[in-house]
Amino acid sequence: MSDFKNWAKTSPLGWNSWDCFGAAVNEKQLKENADYMAKNLKQYGWEYIVCDIQWYEPKAKDNDYNNFTELEMDKYGRLLPAPNRFPSAKGGKGFKPIADYVHSLGLKFGIHIMRGVPRQAVAQNCPVYNSKHTCREIAHHFSVCPWNTDMYGLYNCEGAQDYYNSIINMYASWGVDFIKCDDICVTEFRKWDNPYTADYEIEMLRKAIDNCGREIVLSLSPGPAPREKAEHLCKNANMWRLTGDFWDRWEPLHAMFSKCKEWEGVTSKGNYPDCDMLPLGRISKNGTCHGAKNRFTNFTKPEQYTLMTLWGIFRSPLMFGGNMPENDGFTLSLLTNREYLLMHKTCTSSRELLRNEKNGKGTIVWTANGKKCKYLAVFNTDEKPRKITVKLDSVLMPDTSYTALDIWQDGEEKSVKNSITSTVEPHGVKLYKIY
């Protein structure tokens, strides 16, 4: 059996449909974004095209969910792509035609799933494929998602593993390379039950993927994942969310510094604490999510640099959320900065060096080791510019002369010795490679 951590040797880079298309993404939009990635981003290491939630719902039209609506499903209770939105799925082909198209571009294809079994399958008492059990027998009727009505959770029983085996084997036959499983890594909703949303369902997914014959990266969502479960997460998943859905506002971006500090030291090959998606570029095309419909990101340019820098030096997965064919030049530049992407791919020992704030305003500094270099990220969380000095002996560099390359500013270089001084814009950052 392969080691699943080898399936994501570096932190994944990709695109996810949620931020721009919500629950209503269609085949044309998936292919357009795949075409853009193949042309503009593949050479920089971007590779995943991920279809997010509700691909099995014929009536989906925006960011909202239609409660207790009819879903596209086979006789074994397995959800299928809605043919009116994904025409190539007709005739039981599922996502295989789209996955084949994405693969033909040299990219990888992923899908979003919800934990458990469809309520619709339970109501119809569908048989579980290749099992003596039925969907009604395995459904945990009190284990339900508080924000989506599609599914029941599963009991810890033989038939439940059979069901997970049946869907994962089907996805593998379609050519799926990445699965984002939702409602499975969250703490705040289920105080009455296991707040980790059932360790055993995560383990069932792991077992099903390990035995499906295809290398599939497993991402757990949403969050916050409990820090005390780090060992269990590392044994079972490649990615797991640190927060709920992240959108384009300064307050949750500022809060992510604390989350990264909490999970400092956990990242390793195949295991990546996930700060969530990058709500950049053209987002919210099908509905309003924390802002106006069909807008470019609310983040200022300095805030976009801060977002990318924190995700990068922490080595969070990078899942772009905007509609890529509408990217402007600045957005594309964020995704194609080779020095930044080298840091994200190879840096180690990422840590918070200092945090000096009053009422949430001040200075935060992160550092990481590179190949024959150090990385230094100097963040200004104030609402006015700050002149910030960092002593280089604090990043374990001897007292000698170095070159500091400003990663975001077209590779500008300057000589530094004992310290480095930066004037940083409000909510902005200076990111240096020092060698």
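Now for a description of the structure that goes with this document. Since this is a predicted model, take the numbers as computed values, not measurements.

**What to know about the overall build of the protein**
Inference 1: Helix and strand counts for the protein stand at 12 helices and 21 strands.
Inference 2: Relative to its length of 435 residues, the protein is compact, with a C-alpha radius of gyration of 22 Å against a globular reference of 22 Å.
Inference 3: Referenced to the eigenvectors of the C-alpha coordinate spread, the extents of the protein come out at roughly 70 × 40 × 40 Å.
Inference 4: Of all 435 residues assigned to the protein, the portion counted as buried reaches 61%.
Inference 5: Taking the intrachain contacts of the protein between residues at least 6 apart in sequence as the baseline, contacts between residues at least 24 apart amount to 72%.
Inference 6: Surface accessibility of the protein: about 17,000 Å² in total, with carbon and sulfur atoms responsible for 47%.
Inference 7: Positive and negative side-chain charges in the protein, numbering 56 and 52 respectively, have mean positions lying 3 Å apart.

**A few points about the packing of helix α9 (residues 250-262) against helix α10 (residues 301-314)**
Inference 1: Relative to each other, α9 and α10 sit at 20°, their axes nearing to 11 Å. With respect to each other, α9 and α10 are oriented roughly parallel. Crossing geometry of α9 relative to α10 is assigned as left-handed. Contact residues: α9 offers W250, L253, M256, F257 and C260, while α10 offers E303, T306, L307, L310, W311 and F314.

**Description of the sheet that holds strand β9 (residues 239-241)**
Inference 1: One open sheet holds the eight strands; their spatial order is β10-β9-β8-β7-β3-β2-β1-β13, and the pairing between them is parallel. Every other strand in the sheet has two partners, leaving β10 (272-274) and β13 (318-320) as the edge strands with one partner each. Averaged over all pairs of adjacent strands, the angle between strand axes in this sheet comes to 25°, irrespective of strand direction.
Inference 2: Sheet analysis places strand β3 (residues 108-114) next to strand β7 (residues 178-182), joined by five bridges and oriented parallel. Within β7, the residue paired with I113 across the bridge is C181.

**Quick notes on the pairing of β3**
Inference 1: Taking burial as the measure, the seven residues of β3 include six buried ones, the bulk of the element.
Inference 2: Of the strand pairs in this sheet, strand β2 (residues 48-51) and β3 are connected by four bridges, and their pairing is parallel. Opposite V50, over in β3, you have G110 as the bridge partner.
Inference 3: Tracing the backbone out of β2, into helix α3 (residues 96-104) and back to the parallel element β3 gives a crossover that is right-handed.

**Brief notes about the packing of aromatic side chains**
Inference 1: Applying the stated criterion across every chain yields a total of 21 aromatic pairs.
Inference 2: Three or more aromatic residues joined by ring pairs make a cluster, and in this case those are W55, Y56, F86, F95, F109, Y171 and W174.
Inference 3: A cation over an aromatic ring shows up here: R227 above the ring of W263, its NZ or CZ 5.4 Å from the ring centre.
Inference 4: It is K433 that lies over the ring of Y435; its NZ or CZ is 5.8 Å from the centre.

**Some details on the sheet that holds strand β5 (residues 139-144)**
Strand-to-strand pairing in sheets goes through backbone hydrogen bonds, with the strands running parallel or antiparallel.
Inference 1: Read from one edge of the open sheet, three strands run β4-β6-β5, paired in antiparallel fashion. Each having just a single partner strand, β4 (117-118) and β5 make up the two edges of the open sheet.
Inference 2: With three bridges connecting them, β5 and strand β6 (residues 151-154) associate as antiparallel partners. Residue pairing for β6: H140 is matched across the bridge by G153.

**Quick notes on the nonpolar core**
Inference 1: Membership of the largest hydrophobic core comes to 132 residues, with the highest contact counts inside it found for W55, Y171 and W240.
Inference 2: If near-sequence neighbours (up to four positions away) are discounted, W55 is found in contact with L79, L80, P81, A82, R85, F86, F95, I111, H112, I113, Y171 and W174.
Inference 3: In terms of nonpolar packing, the next biggest core, distinct from the first, is built from 16 residues, V365, V390, M397 and A404 among them.

**Some words on helix α12 (residues 338-346)**
Inference 1: Among the residues making up α12, those that are buried are Y340, L341, M343, H344 and T346.
Inference 2: Where α12 starts, the residue carrying a side-chain oxygen 3.2 Å from the main-chain nitrogen of E339 turns out to be N337.

**Re the pattern of salt bridges**
Inference 1: With the rule as written, the count across this model stands at 25 salt bridges.
Inference 2: D177 is the salt-bridge partner of R214, the closest N and O atoms lying 2.7 Å from each other. Separated by 37 residues along the polypeptide, R214 in the loop between α7 (199-210) and β8 (217-220) and D177 in the loop between α6 (158-174) and β7 bring together distant segments of the chain.
Inference 3: In this structure R214 comes out as partly exposed when scored by relative accessible area, which is 27%.

**With respect to the packing of α6 against α7**
Inference 1: Interaxial distance between α6 and α7 falls to 9 Å at its minimum, and their mutual angle equals 45°. With respect to α7, the element α6 is oriented oblique. The handedness of the crossing between α6 and α7 is right-handed. For the pair α6 and α7, contact is made by A160, Q161, Y164, N165 and I168 and by E201, M204, L205, K207, A208 and I209, respectively.
Inference 2: Grouping the amino acids of the contact of α6 with α7 by side-chain chemistry returns seven nonpolar, two polar and two charged.

So, how was this worked out
- Residues numbered from 1 in each chain as written.
- Predicted model: local features only at pLDDT ≥ 70, side-chain atom pairs only at ≥ 80, totals over all residues.
- Heavy atoms only, no water.
- Helix = DSSP H or I, 4+ residues; strand = E, 2+ residues; numbered from the N terminus.
- Rg over C-alpha atoms; globule rule 2.2 N^0.38 Å.
- Buried < 20%, exposed > 50% of the residue type's maximum accessible area, 1.4 Å probe, protein only.
- Contact = heavy atoms within 4.5 Å.
- Areas by Shrake-Rupley, 256 points an atom, 1.4 Å probe, with all protein chains shown as cover.
- Lys, Arg positive; Asp, Glu negative; His and termini not counted.
- Charge placed at Lys NZ, Arg CZ, Asp CG, Glu CD.
- Axes fitted to C-alpha atoms, helices over the stretch in contact; angles between N-to-C directions.
- Parallel < 35°, antiparallel > 145°, perpendicular 65-115°, else oblique.
- Left-handed = near helix turned anticlockwise from the far one by under 90°.
- Pairing = 2+ DSSP bridges.
- Right-handed = clockwise from strand over helix to strand, strands pointing away.
- Phe/Tyr/Trp six-rings, centres within 6.5 Å; stacked < 30°, edge-to-face > 60°.
- Lys NZ or Arg CZ within 6 Å of the ring centre and 35° of its normal.
- Core = buried A, V, L, I, M, F, W, Y, C linked by side-chain atoms within 4.5 Å.
- Polar contact = N/O pair within 3.5 Å; in protein donor to acceptor, adjacent residues only side chain to side chain.
- Salt bridge = Lys/Arg side-chain N within 4 Å of Asp/Glu carboxyl O.
- Nonpolar A, V, L, I, M, F, W, Y, C, P; charged D, E, K, R; others polar.

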